[in-house]
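Chain and residue survey
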Amino acid sequence: MKFFLCLSVAVLAVAVSAAEDKKDATATERPKTFRRLIPADVLRDFPGVCFASTRCATVEPGQTWELSPFCGRSTCVKPEGEETGHLLELVEDCGPLPKPNPKCKLSEKTNKTASFPDCCPIFECEAGATLEYPEIPTVAPPSAEKKDAKA
Ligand SMILES: *[C@@H]1O[C@H](CO)[C@@H](O)[C@H](O)[C@H]1NC(C)=O
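Residues numbered from 1 in each chain as written. Predicted model: local features only at pLDDT ≥ 70, side-chain atom pairs only at ≥ 80, totals over all residues. Heavy atoms only, no water.

This next bit is on the sheet that holds strand β5 (residues 64-66). With respect to topology, 4 strands assemble into an open sheet ordered β2-β7-β6-β5, the strand pairing being antiparallel. Each edge of the open sheet carries a strand with a single partner, namely β2 (34-39) and β5. Averaged over all adjacent pairs, the angle separating strand axes in this sheet is 25 degrees, with direction ignored. Both strand β6 (residues 72-77) and strand β7 (residues 88-93) contribute to a ladder of 6 bridges, which runs antiparallel. By the bridge assignment, Thr75 is partnered in β7 with Leu90. (Pairing = 2+ DSSP bridges. Helix = DSSP H or I, 4+ residues; strand = E, 2+ residues; numbered from the N terminus. Axes fitted to C-alpha atoms, helices over the stretch in contact; angles between N-to-C directions.)

This is how it looks when you write it as structure tokens:
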């Protein structure tokens, strides 16, 4: 695994441990993760496997890879009963950022170099303040996909 964005986070490491024991004093938003299915990248010369562009490598169906330097994870998915070789990529990431809120700040506990989902941003809000997240449709798991297909 290669990390390209580690410099600024390492500097914060000392300050984080000092704040650790106040963990329950402020409402800490646990990172939620979001999933979506997209058509997989497939190379002409490597049919039947997904192409992981962030790693420049092929990945077998059922295998997972980290999307670093982005915070996310992808899985190569071969749809059940699909013989034509149309592979899918299940992308998991931290979802949309919350709407800006002056009473909330990005926590120093956020660790962008950790592996997914631990790299997702953690926000801390003043008492009484809550973050609003934009509504996005949640993606059905691969097995439910066929039932909902509109085309
Ligand atoms: C962030 O995560 C990486 C990988 O798990 C770990 O090596 C590092 O110590 C963490 N940094 C902080 C500040 O917790």
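For the rest of this paragraph, the subject is the environment of Pro100. By secondary structure assignment, the location of Pro100 is in the loop between β7 and β8 (104-106). In this structure the C-alpha to C-alpha distance between Pro100 and Glu132, which are 32 residues apart in sequence, comes to 8.4 Å.

Okay, the state of the cysteines next. Applying the stated criterion across every chain, the model contains 4 disulfides. A disulfide bridge connects Cys94 with Cys120, and the sulfur atoms are separated by 2.1 Å. Taking the torsion about the S-S bond as the criterion, the Cys94 to Cys120 disulfide, at about -90 degrees, is left-handed. With a gap of 26 residues between them, Cys94 in the loop between β7 and β8 and Cys120 in the loop between β8 and β9 (123-125) connect regions that are remote in the sequence. Look at Cys94 and you get buried, because its relative accessible area is 16%. With its bonded cysteines labelled in order along the sequence, the protein chain shows the pairing 1-3, 2-6, 4-7, 5-8. (Disulfide = S-S within 2.5 Å. Buried < 20%, exposed > 50% of the residue type's maximum accessible area, 1.4 Å probe, protein only.)

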